[in-house]
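# Analysis of the macromolecular model
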Amino acid sequence: MTEQFLIERPSFHPATGQAIFTYGLGGKSFTETLTLPEVDPEKAASPAFAKLLDLTAIVLGVSYFKLRAPFEIVAPNIALSEAERAFAIDVYENGLGEFYARNNLARFGKLTISAPHDAEAIKPIVALPDRALLPIGGGKDSLVSVDLLTAVGLDFTPFAVNPKGPIITSIDKIGTKPVYVTRTLDAEMIRLSKEPGYYNGHVPSTAINSMIAALCAVLFGFNQIVLSNERSASEGNVTFDGRETNHQYSKSLGFELLIASILSDATGGALKYYSLLRPYSEARIASLFTHETKFDRVFSSCNRNFRLTGNDGPLWCGECPKCHFVFLIFAPFMAKDRLLSIFGKDLLDNLDNEASFRELSGLAGQKPWECVGEILEAAACLYTLTRHADWHEAAVVRAVKADLFAQYGEPKLQAAMAECLTDSHDHHIPPALAAKVAAYAV
Ligand SMILES: CC(=O)N[C@H]1[C@@H](OP(=O)(O)OP(=O)(O)OC[C@H]2O[C@@H](n3ccc(=O)[nH]c3=O)[C@H](O)[C@@H]2O)O[C@H](CO)[C@@H](O)[C@@H]1O[C@H](C)C(=O)N[C@@H](C)C(=O)N[C@@H](CCC(=O)O)C(=O)O
Ligand SMILES: Nc1ncnc2c1ncn2[C@@H]1O[C@H](COP(=O)(O)OP(=O)(O)OP(=O)(O)O)[C@@H](O)[C@H]1O
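What you see is a predicted model, and the numbers here were worked out from it, not measured in a lab.

### Details of the packing of helix α11 (residues 321–330) against helix α12 (residues 336–343)
Between α11 and α12, whose axes approach to 10 Å, the crossing angle comes to 165°. Classified by the angle between their axes, α11 and α12 sit roughly antiparallel to one another. As α11 runs across α12, the sense of the crossing is right-handed. From α11, Cys-323, Val-326, Phe-327 and Phe-330 reach across to α12, where they touch Leu-339, Leu-340 and Phe-343. Looking at the contact of α11 with α12 residue by residue, the class counts come to seven nonpolar, no polar and no charged.

Written out as structure tokens, the structure reads:
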């Protein structure tokens, strides 16, 4: 028989706040659990919540599906509309694009999802107060959103899945009571992913966290989920199997529009989902971050902090592409002593890092499989540093300068920097809020 991935109907238990998700693959059963804060059972009884729970089961399934990546997905007890089926396929194809590219698996356009048809996908409206749930990732981006929402006076509550390290310390500094969710993955899945005969790889974590946020929005009363995804997140890494694959796919604008529509239908139009930082490049976000110093000692964008088992090293490892990229985009805008005190060392004055900066700026290799900005953006920031009093003599800046100029030419680099600092109108922020934020973030 053809191998299938089975997604069972999930269950929710208001008394314990636990949502249980069960999956089947190759004769094995896997269970993932979410533990939410104390819940009003009435809120959990709405058709909107039932629909969101089913869709969450679909999205969380990617972690288990990827062990074998079979072509057939079956969900015999989860009814899906045509739009929801397309959403599910998008999550399992494009959301796992990096996983397929790195494991050389041709799955694009070949996956099927067999599930009953839901003819009434647009659910009755749920009453949700005008409050924002703000996912906090512990890095610079969501903290810039904190600053913007505070400035324009939109009431928000911090939200995190499996909070740890910089997420907790940043939320403590924000000083508003958060909503925290504990997510427990099946330990057998993690064990198997290191065994022969099984695959491992990247999963679309923003899609996962967003579905969990949607459950909380309905249970705890928030009419909007405000992401902090930058415009650079829409750029892919490599073309594989005829498609552009993107490490940050579920942070892209395309995915944002798709999930926003699915969440809106599930709640009768009550729940909005948008990224407040979509108009901005990473460089622009870095420049906005410099306005506030209170998070300097507690935030980190280094993903080593966010492993399931936590991090026993420094806040910034200083070795990964994400550390290098964030250092690079802060350098043009932040006082040098402040930047050095955040990172604890000068990443641009160490030739061991030259190859990494070359990859980030398109002078070698490919864009790293990491949460980093656009190639041209990195090149433009490096160019700015070649003319910056504090940085033009840094070892890496000197080492790459000639190649940078030869590859791009000064006019292109200057234009790219100007483009980085020009805000885009291609976003999905409610217009009145967008206007207020634009007036503040000049
Ligand atoms: C923290 C991190 O970057 N983890 C990635 C890393 O996993 P690693 O083995 O080093 O550590 P763990 O995260 O603790 O994972 C242990 C195993 O569990 C599997 N797993 C984890 C989470 C999950 O939801 N499902 C899972 O199956 C994992 O595969 C390990 O076997 O490498 C993995 C393989 O490439 C990555 O998948 C891990 O990435 C995490 C899922 C993660 O949360 N990453 C975010 C920091 C991240 O990359 N965010 C992107 C946005 C991506 C998107 O489309 O939304 C970004 O900010 O750009
Ligand atoms: N554990 C988490 N729980 C809830 N939301 C999260 C979590 N991790 C990341 N997010 C959210 O997912 C989105 C993408 O995360 P990302 O890592 O890009 O942002 P960040 O941590 O704010 O900034 P940086 O890019 O500097 O790391 C952001 O909106 C972020 O707030």
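Let's pick the thread back up.
### A few points about the domain arrangement of the protein chain
Partitioning the protein chain into domains gives domain 1 (4–275) and domain 2 (282–420). Distance between the C-alpha centres of domain 1 and domain 2: 30 Å. On the domain 2 side, the residues contacting the 32 residues of domain 1 number 32 residues. Across the interface of domain 1 and domain 2, roughly 2,700 Å² is buried in total on both sides, 64% from carbon and sulfur atoms. The largest share of the area that domain 1 buries against domain 2 comes from Lys-140, Lys-164 and Glu-235, three residues that together contribute 23% of it. Taken together, the connections running from domain 1 to domain 2 amount to one salt bridge. Linking domain 1 with domain 2 are eight residue pairs in polar contact (both at pLDDT 80 or more), by the criterion used here.

### Some words on the UniProt feature "domain: MurL C-terminal" (unreviewed entry) in the protein chain
As annotated in UniProt, the feature "domain: MurL C-terminal" (unreviewed entry) corresponds to residues 298–406 in the numbering used here. Helix makes up 45% of residues 298–406 and strand 0%, and the two end C-alpha atoms of the span are 39 Å apart.

### Section: the UniProt feature "domain: MurL N-terminal" (unreviewed entry) in the protein chain
Listed under "domain: MurL N-terminal" (unreviewed entry) in the UniProt record, and renumbered for this structure, are residues 3–276. The annotated region residues 3–276 carries 35% helix and 22% strand content, and the separation between its end C-alpha atoms amounts to 41 Å.

### Comments concerning the site of ligand 2
Lining the immediate surroundings of ligand 2 are 19 residues, of which Pro-135, Ser-142, Lys-251, Ser-301 and Lys-322 lie closest. One nitrogen or oxygen atom from the main chain of Val-161 is found 2.9 Å from a nitrogen atom belonging to ligand 2. A distance of 2.6 Å separates an oxygen atom of ligand 2 from a polar side-chain atom of Lys-251. Taken by itself ligand 2 offers 590 Å² of open surface, and the protein chains cover 91% of this. Secondary structure elements with two or more residues in the shell around ligand 2: α5 (140–152) and β8 (156–161). Each residue belonging to the shell around ligand 2 can be placed in one class, and the counts come to seven nonpolar, eight polar and four charged.

The rules behind these values
Residues numbered from 1 in each chain as written. Chains lettered and ligands numbered in written order. Predicted model: local features only at pLDDT ≥ 70, side-chain atom pairs only at ≥ 80, totals over all residues. Heavy atoms only, no water. Axes fitted to C-alpha atoms, helices over the stretch in contact; angles between N-to-C directions. Helix = DSSP H or I, 4+ residues; strand = E, 2+ residues; numbered from the N terminus. Parallel < 35°, antiparallel > 145°, perpendicular 65-115°, else oblique. Left-handed = near helix turned anticlockwise from the far one by under 90°. Contact = heavy atoms within 4.5 Å. Nonpolar A, V, L, I, M, F, W, Y, C, P; charged D, E, K, R; others polar. Domains from an automatic or database assignment. Buried area = accessible area lost by both parts, 1.4 Å probe. Salt bridge = Lys/Arg side-chain N within 4 Å of Asp/Glu carboxyl O. Polar contact = N/O pair within 3.5 Å; in protein donor to acceptor, adjacent residues only side chain to side chain. UniProt positions renumbered as here; feature names shortened; annotations may be inferred. Near = heavy atom within 4 Å. Areas by Shrake-Rupley, 256 points an atom, 1.4 Å probe, with all protein chains shown as cover.

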